[in-house]
Amino acid sequence: MFEAVIFDLDGTILNTLDDLADSANYVLAAQGFPTHPTEQYKTFVGNGIPKLIERMLPADASHEVFERTLAEFGKYYDAHKNDKTAPYKGIPELLSALKSHGVRLCVLSNKQHDLSVQIVKHHFGEDTFDIIRGKMEQFPAKPDPASCNDIISTLNIPKSNILYVGDSNVDMQTGHNAGLTKCGVSWGFRTIGELQSAGADYIAYSPQDILKIVLGD
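What you are looking at is a predicted structure, and each value in this text was computed from that prediction instead of being measured. Throughout, residues of each chain are indexed from 1 in the direction in which the sequence is written. In keeping with the model being predicted, local features are shown solely for residues with a pLDDT of at least 70 and side-chain atom pairs are shown and tallied solely at 80 or more, while totals for entire chains, interfaces and linings include all residues. Side-chain numbers come from the whole structure's heavy atoms, not from hydrogens or water.

Bringing the packing of helix α3 (residues 49-56) against helix α4 (residues 63-80) into the picture now. A fitted line through C-alpha atoms serves as each axis, taken over the contacting stretch for helices, and the angle formed by two N-to-C directions is quoted from 0 to 180°. Helix numbering and strand numbering both begin at the N terminus, where a helix is a DSSP run of H or I of at least 4 residues and a strand a DSSP run of E of at least 2. Between α3 and α4, the shortest axis-to-axis distance is 10 Å and the interhelical angle comes to 120°. As far as their axial angle goes, α4 and α3 are oblique. When you trace α3 past α4, the crossing you get is right-handed. Across from Ile49, Pro50, Leu52, Ile53, Glu54 and Met56 in α3, the residues of α4 making contact are Phe66, Thr69, Leu70 and Phe73. Looking at the contact of α3 with α4 residue by residue, the classes come out as eight nonpolar, one polar and one charged. Angular relationships are summarised with four words: roughly parallel below 35 degrees, roughly antiparallel beyond 145, roughly perpendicular across 65 to 115, and oblique for the angles in between. Throughout, a crossing is termed right-handed when the near helix is turned clockwise from the far one, and left-handed when it is turned anticlockwise from it by less than a right angle. Here a residue-residue contact requires only that any non-hydrogen atoms of the pair lie within 4.5 Å. Charged residues are taken to be Asp, Glu, Lys and Arg, nonpolar residues to be Ala, Val, Leu, Ile, Met, Phe, Trp, Tyr, Cys and Pro, and polar residues to be all remaining types, Gly included.

The structure is reproduced here in structure tokens:
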């Protein structure tokens, strides 16, 4: 049995894709740039918002355009971050079941820290997660393990008893770099093939699968 689970946020416990894509396309259109299909944003997200801006802008966009777009996206997304975002089916029940078994729950995201905390508490309440950690200045973005290792240190639980759950190669690399067992989820933004190639120890096809993995069933 695992004593703690560290979850990625976007594409793992919350489907944030529509709000991210709508915000990005609004900012692009406002500047006269081409927009992208919502599905394409599945390949743009995962490495933090600055990398999202870099990927969605035309390749020849200047640094000035990048900085302006980053600022405008931040303002628009902050106002619309919960328009369409919702937990994936079965996730609230999974979290409740894990807590009933005494499992410690954490979130680790490349989304900015304050934004991560706001979104998680909006959808899951104040007391579901023991630790919510977004991108903070003192830590590099995932897949660098520094922020994950800081969570592990705070939990004071052996790495062998912690499961890392995410939906992308970035997450599987983060779990690997931190020395954790890794579970990829099939319902997120990336493919099962990507998760397997990135070294997933488990693939969850439903939230119930995560409960079975954690409990050792």
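There's plenty left to go through after this.
Here the focus is the nonpolar core. Phe7, Phe129 and Ile210 are the most contacted members of the largest nonpolar core, which totals 51 residues. The element best represented in this core is helix α1 (residues 17-30), accounting for six residues. With residues near it in sequence (within four places) discarded, Ile210 still touches Phe7, Leu94, Leu163, Val165, Cys183, Val185, Trp187 and Ala204. Residues belong to one nonpolar core when they are buried, are Ala, Val, Leu, Ile, Met, Phe, Trp, Tyr or Cys, and are joined through side-chain atoms within 4.5 Å. Only protein chains enter the area calculation, which uses a 1.4 Å probe; residues under 20% of their type maximum are buried, those over 50% are exposed, and those in between are partly exposed. Residues Ile151, Leu155, Tyr164 and Ala178 belong to the second largest nonpolar core, which totals 14 residues.

Okay, unusual backbone geometry next. Each neighbour pair has its own omega, and for Lys142 with Pro143 the value is 15°, a cis peptide bond. If you trace the backbone, Pro143 turns up in the loop between β5 (131-135) and α7 (146-155). Even without glycine at this site, Asn156 takes up a positive phi of about 60°. On the secondary structure map, Asn156 appears in the loop between α7 and β6 (162-166).

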